[in-house]
Amino acid sequence: MADRGCPLEAVPLPAEVRESLAELELELSEGDITQKGYEKKRAKLLARCIPLLQGVDPSLQAENRIPAPTQTTAAVSKQRKPKPPSSRDERFRSDVHTEAVQAALARYKERKVPMPSRRRSALTHSSVETYTPPAGVHTAPPDVTTGLVELSQRERPQLASVRGVARGCSGSILETAGGVPVSSRVSSKIQQLLNTLKRPKRPPLKEFFVDDLEELLEVQQPDPNQPKPEGSQMVVLKGEPLAVGVPWPPSLLAVLQRWGTTQPKAPCLTALDTAGKAVYTLTYGKLWSRSLKLAYTLLNKLTSKNEPLLKPGDRVALVFPNSDPVMFMVAFYGCLLAELVPVPIEVPLTRKDAGSQQVGFLLGSCGVTLALTTDACQKGLPKAQTGEVAAFKGWPPLSWLVIDGKHLAKPPKDWQPQAQDARAGTAYIEYKTSKEGSTVGVTVTHACLLAHCQALTQACGYSEAETLTNVLDFKRDAGLWHGVLTSVLNRMHVVSVPYALMKVNPLSWIQKVCSYKARAALVKSRDMHWSLLAQRGQRDVSLSSLRMLIVADGANPWSISSCDAFLNVFQSRGLRPEVICPCASSPEALTVAIRRPPELGGPPPRKAVLSMNGLSFGVIRVDAEEKLSVLTVQDVGQALPGADVCVVKVEGAPYLCKTDEVGEICVRSGATGTAYYGLLGITKSVFETVPVMAGGAPVSDRPFTRTGLLGFIGPDNLVFVVGKLDGLMVVGIRRHNADDIVATALAVEPMKFVYRGR
């Protein structure tokens, strides 16, 4: 090995460099690397030690110097090209130099080298312990000053190959292994940067995070000055009784059959396109005949292995877009006639949509095997390579049935469905999405469905042949309860305004109220807000025909500002203040309360200006309206007919609240949901709550349903809602509501207070 360079011990090298050189020698001897590659890598390793070599005593280097060239050799050297920096240097073959290096190396080993700093350059990519060289290549471990090569190259070209400095150096002068100083600008610069790297850039982590276990375990003591409820214990509020002597029908399907056979040409539902034009009007005769045809097809024409695919009580998914209320209504009543349970869901957009995965969990838990849709909707669904509807992630295997007229079989003239009365079985399942994103299904029985329609009819004063303009989603919540179910009970005409039309023309619902002379309208506060932004220049609209403007999200704290602003603008166009009727609802309890229209003689509307500080402690304190730290809410009317309402404490056992205390509103009625489908555990805690008095005695032998709404009972037995349980945020011992944050953001004038990027 001597002909390939000096022995390893002849150079004052760090241990890791010597080991790397030894590995290179071994690779060369075994033929794993070429001579050229060996020389190149060896030169790179030795180049890092040039500062150390320069520090060797001159007397030791004198005998190793090459004598001055003669004229002949000088002439020859002029003709030769300069050696590249990677070529071998014969200086390292001197025996004297070898001894000097060995002596320096011995003194270097005797020194106490300080431990290297744990702080490493950001340019060092990995530690020595975790560094894995590529196959067949053995290089030196990265050093803390590896990234400083470019600086030394600019400062001293003759030291362009310097790539590392010993970590044990201190001060502005580098030392060799023997302690001989090396004075150079580059060395000082490198040492200065090394000192900078060793200095921590930020305070220790413990100065930012102090985990005091005693403080964590300490229970916060209540503030002695915090407001506390001072009123008496509330009593259960009883709603007005259902009208006695009114000939209520035995079921909603019996009413549909009556209207379909006696009033076949009466308009039931008008669908609009995105231009605002009426594309189709479904009559009660067509609704009855198409629903009958669908029920016959579902029961008699769908088979699997010579067995009926469906049996009474099976669940069926309804997949219809918000722009097609006609086919949804046919599918819903067709399932009811076939004694099947419709499960309305949203149209899935992609195969792996996160929201649709939760819906798939609901469908799987309900045992759904069939989905109803239209031809146009099916064409827009994602397809597999076979051309069939793709399998959506998280969904159970489904069969798809297109219910357009040409795909249905006509029933015999003597065929009649069996479902004609209100039974205890499940009528439909309405999905609910919780704040965690999970989707559950609320079951509504046939008896509860009919009772809810009857209660809404009495509370809203609906009458036959009235026209209702519906802006809400007809598949769930108030849009379903008023626009699909209660409307059929009263043979009403519903004008359904699609959401796509509202985005193009926010005034479209007002225009339809004016053109159809609608007596009632079903909107949200957002629809009223959008109308205000688009109403300028519209002078030919009139809302004088309205006797009831139902605000479905009237329980939200920001709805009052939309209602007041809408009234200020449209009161001059025929809108009366008393026709604005906010309501409160929840998926579990359905409609909780609704303000009565003026002709029914309900109490006058009220507003409550409440202290935000008091509300954070769950206490009701009336405050001055001009203050900034107040919440102004409007009443959501009275409880539904036939319902009992109480307010219980949010935490712990369901004790009745005091009259000036905020709690969760609970309802006992025959017109609420009955369970979460297939979830017995949470069903018991929500649908089977038994409120108790201060002494522990139950207030009733019948259970109540928790609504998830936070509020209280005000004067004239009016219900006030200040937030939702899902939006409750507890900080320390104080409670805040997410809806209040939304209301604050909406109340701020954005051009003055909200800055871009915040």
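This text follows the structure it describes.
Note that the coordinates shown come from a computational prediction; the quantities given were computed from them, not determined experimentally.

**As for the side chain of serine 496**
Along the chain, the position of serine 496 falls in strand E15 (residues 493–496). Taking relative accessible area as the criterion, serine 496 reaches 5% and is therefore assigned buried. If we ignore the near neighbours within four places in the chain, the residues touching serine 496 are Leu269, Thr270, Ala271, Leu272, Pro325, Asn470 and Phe474.

**Focus: the packing of helix H12 (residues 325–337) against helix H16 (residues 477–489)**
Remark: H12 packs on H16, axes separated minimally by 12 Å, with the N-to-C direction vectors making an angle of 60 degrees. Here H12 lies oblique to H16, going by the angle between them. In the crossing of H12 with H16, the sense of the turn from one axis to the other is right-handed. Each of Phe328, Met329, Phe332 and Tyr333 in H12 lies in contact with H16, whose residues at this interface are Leu480, Val484, Leu485, Ser487 and Val488. For the contact of H12 with H16, a count of residues per class yields eight nonpolar, one polar and no charged.

**Observations regarding the environment of glutamine 233**
Locating glutamine 233 in the fold gives a position in the loop between helix H9 (213–217) and strand E3 (237–238). Considering only alpha carbons, one finds glutamine 233 and alanine 694, 461 residues apart in sequence, at a separation of 7.9 Å. Apart from residues no more than four positions distant in its own chain, glutamine 233 is found in contact with Leu656, Cys657, Lys658, Met693 and Ala694.

**So, the pattern of salt bridges**
Enumeration over the complete set of coordinates arrives at 22 salt bridges. The salt bridge partner of aspartate 635 is arginine 595, with a shortest N-O separation of 3.0 Å. One end of the pair, aspartate 635, is in the loop between strand E21 (630–634) and strand E22 (638–639); the other, arginine 595, is in the loop between strand E19 (590–594) and strand E20 (607–611), and 40 residues separate them in sequence. Residue aspartate 635 shares its accessibility class with arginine 595, and that shared class is buried. With a shortest N-O distance of 2.8 Å, glutamate 661 and lysine 649 are connected by a salt bridge. Highlighted residues: glutamate 661 in the loop between strand E23 (644–648) and strand E24 (663–668) and lysine 649 in the loop between E23 and E24, separated in sequence by 12 residues. According to the relative accessible area criterion, glutamate 661 is buried, its value standing at 12%. Linked by salt bridges that have partners in common, Glu466, Arg519, Arg547 and Glu599 make up one network.

**Description of the layout of surface pockets**
When its volume is computed, the largest pocket comes out at roughly 1,300 Å³. Residue lining of the largest pocket: 47 residues in total, with Lys432, Arg476, Asp477, Pro587 and Lys724 positioned closest to the centre. Those elements that place two or more of their residues in the lining of the largest pocket are strand E12 (426–433), H16, strand E18 (580–586), helix H22 (680–687) and strand E26 (705–713). Of the residues assigned to the lining of the largest pocket, the class counts are 20 nonpolar, 12 polar and 15 charged.

**Regarding helix H10 (residues 252–262)**
Listed as buried for H10 are Leu252, Leu253, Ala254, Val255, Leu256, Trp259 and Gly260. Its buried side turned inward, H10 meets helix H11 (284–300), H12, helix H15 (446–460) and H16.

**A word on the packing of aromatic side chains**
A complete count under the given rule lists 12 aromatic pairs for this structure. With a centroid separation of 5.4 Å and an interplanar angle of 50 degrees, the aromatic rings of phenylalanine 328 and phenylalanine 474 are classed as tilted. Residue phenylalanine 328 is found in helix H12, and its partner phenylalanine 474 is found in the loop between strand E14 (467–470) and H16; the two are separated by 146 residues along the sequence. A single burial state applies to phenylalanine 328 and to phenylalanine 474, both of which are buried. Ring-pair connections join several aromatic residues into one group, and the members of that group are Phe320, Phe328, Phe332, Tyr333, Tyr428 and Phe474. Its end group placed over the ring of tryptophan 259, arginine 258 keeps NZ or CZ at 4.5 Å from the ring centre.

**A word on the sheet that holds E26**
The five strands are arranged E3-E23-E24-E26-E27 in an open sheet whose pairing can be described as antiparallel. The open sheet terminates on both sides in strands that have one partner only, identified here as E3 and strand E27 (719–724). Relative to E24, E23 is paired through five bridges, and the arrangement is antiparallel. Along E24, the bridge assignment pairs valine 648 with glutamate 664.

**A look at the sheet that holds strand E17 (residues 548–551)**
To summarise the sheet geometry, strands pair through backbone hydrogen bonds and adopt either a parallel or an antiparallel arrangement. Taken in spatial order, the nine strands line up as E5-E4-E15-E14-E16-E17-E18-E19-E22 in an open sheet, and their pairing is mixed. Of all the strands in the sheet, the pair left with one neighbour each is strand E5 (278–283) and E22. Summarising the sheet, E17 and E18 pair through three bridges and their orientation is parallel. Bridge pairing links leucine 549 to isoleucine 580 in E18.

**Thoughts on the side chain of histidine 452**
Inspection of the secondary structure puts histidine 452 in helix H15. Judged by its relative accessible area of 4%, histidine 452 falls in the buried class. Of note is the side chain of histidine 452, whose polar atom sits 3.0 Å from the side chain of threonine 591. Beyond its immediate chain neighbours, meaning those up to four positions away, histidine 452 contacts Trp481, Leu590, Thr591, Leu640 and Ala671.

**Some points on the nonpolar core**
Ranked by size, the top nonpolar core spans 99 residues in total, and within it Leu298, Tyr333, Leu372 and Leu485 carry the most contacts. Examining the composition of this core, we find that 11 residues originate from one element, H12, more than from any other. Taken domain by domain, the makeup of this core includes at least three residues from each of domain 1 (257–270 + 284–420) and domain 2 (602–747). Setting aside its immediate chain neighbours within four residues, leucine 485 contacts Leu252, Phe332, Tyr333, Tyr428, Leu449, Cys453 and Leu480. One finds Val497, Leu532, Leu546 and Leu567 within the second-largest nonpolar core, a separate group that totals 27 residues.

**Section: the pairing of E15**
Burial along E15 is two-sided: the residues His493 and Val495 and Val494 and Ser496 are all buried. Relative to E15, strand E4 (residues 267–272) runs parallel, the two sharing three bridges. The residue bridging threonine 270 from the neighbouring strand is valine 495, located in E15. Alignment of E14 against E15, held across four bridges, turns out to be parallel. Counted as the bridge partner of threonine 469 is valine 495 from E15. Since E14 and E15 lie parallel, the crossover through H16 that links them has a hand, and here it is right-handed.

**Quick look at the packing of helix H1 (residues 15–29) against helix H2 (residues 35–47)**
Relative orientation and spacing of two packed helices are given, respectively, by the angle between their axes and the distance between those axes. Between H1 and H2, the least distance of the axes is 10 Å, while the angle of their chain directions is 175 degrees. Considering their axes alone, H1 and H2 lie roughly antiparallel with respect to each other. Facing H1, whose interface residues are Val17, Ser20, Leu21, Leu24, Glu25 and Leu28, H2 presents Gln35, Tyr38, Lys41, Arg42, Leu45 and Leu46. Of the residues in the contact of H1 with H2, the class split is seven nonpolar, two polar and three charged.

**Side note on the pairing of E17**
Where a strand is regular, its side chains alternate between the two sheet faces. Neither face of E17 is exposed, since Met548 and Ile550 on one face and Leu549 and Val551 on the opposite face are all buried. The pairing of strand E16 (residues 520–523) with E17 spans four bridges and is parallel. Residue pairing in the sheet places leucine 522 in a bridge with isoleucine 550 of E17. Crossover E17 to E18 through helix H20 (residues 559–570) is right-handed.

**Observations concerning H20**
For H20, spanning 12 residues, the distance from its first C-alpha to its last is 16 Å, which sits close to the expected 16 Å at 1.5 Å a residue. Buried within H20 we find Ser559, Ile560, Ser562, Cys563, Phe566, Leu567 and Phe570. One face of H20 carries all of its buried residues, which in axial projection span an arc of 160 degrees. Elements that come into contact with the buried residues of H20 comprise helix H18 (508–516), helix H19 (525–534), E17, E18, E20 and E21.

What counts, and where the lines are drawn
- Residues numbered from 1 in each chain as written.
- Predicted model: local features only at pLDDT ≥ 70, side-chain atom pairs only at ≥ 80, totals over all residues.
- Heavy atoms only, no water.
- Helix = DSSP H or I, 4+ residues; strand = E, 2+ residues; numbered from the N terminus.
- Buried < 20%, exposed > 50% of the residue type's maximum accessible area, 1.4 Å probe, protein only.
- Contact = heavy atoms within 4.5 Å.
- Axes fitted to C-alpha atoms, helices over the stretch in contact; angles between N-to-C directions.
- Parallel < 35°, antiparallel > 145°, perpendicular 65-115°, else oblique.
- Left-handed = near helix turned anticlockwise from the far one by under 90°.
- Nonpolar A, V, L, I, M, F, W, Y, C, P; charged D, E, K, R; others polar.
- Salt bridge = Lys/Arg side-chain N within 4 Å of Asp/Glu carboxyl O.
- 1 Å grid on protein atoms, 1.4 Å probe; cavity = no way out; pocket = protein on both sides within 12 Å on 5 of 7 lines; lining within 4 Å.
- Points joined across faces, edges and corners; volume = space filled by probe spheres on them.
- Phe/Tyr/Trp six-rings, centres within 6.5 Å; stacked < 30°, edge-to-face > 60°.
- Lys NZ or Arg CZ within 6 Å of the ring centre and 35° of its normal.
- Pairing = 2+ DSSP bridges.
- Polar contact = N/O pair within 3.5 Å; in protein donor to acceptor, adjacent residues only side chain to side chain.
- Core = buried A, V, L, I, M, F, W, Y, C linked by side-chain atoms within 4.5 Å.
- Domains from an automatic or database assignment.
- Right-handed = clockwise from strand over helix to strand, strands pointing away.
- Expected span 1.5 Å × (residues − 1).
- Arc of directions from axis to C-beta.

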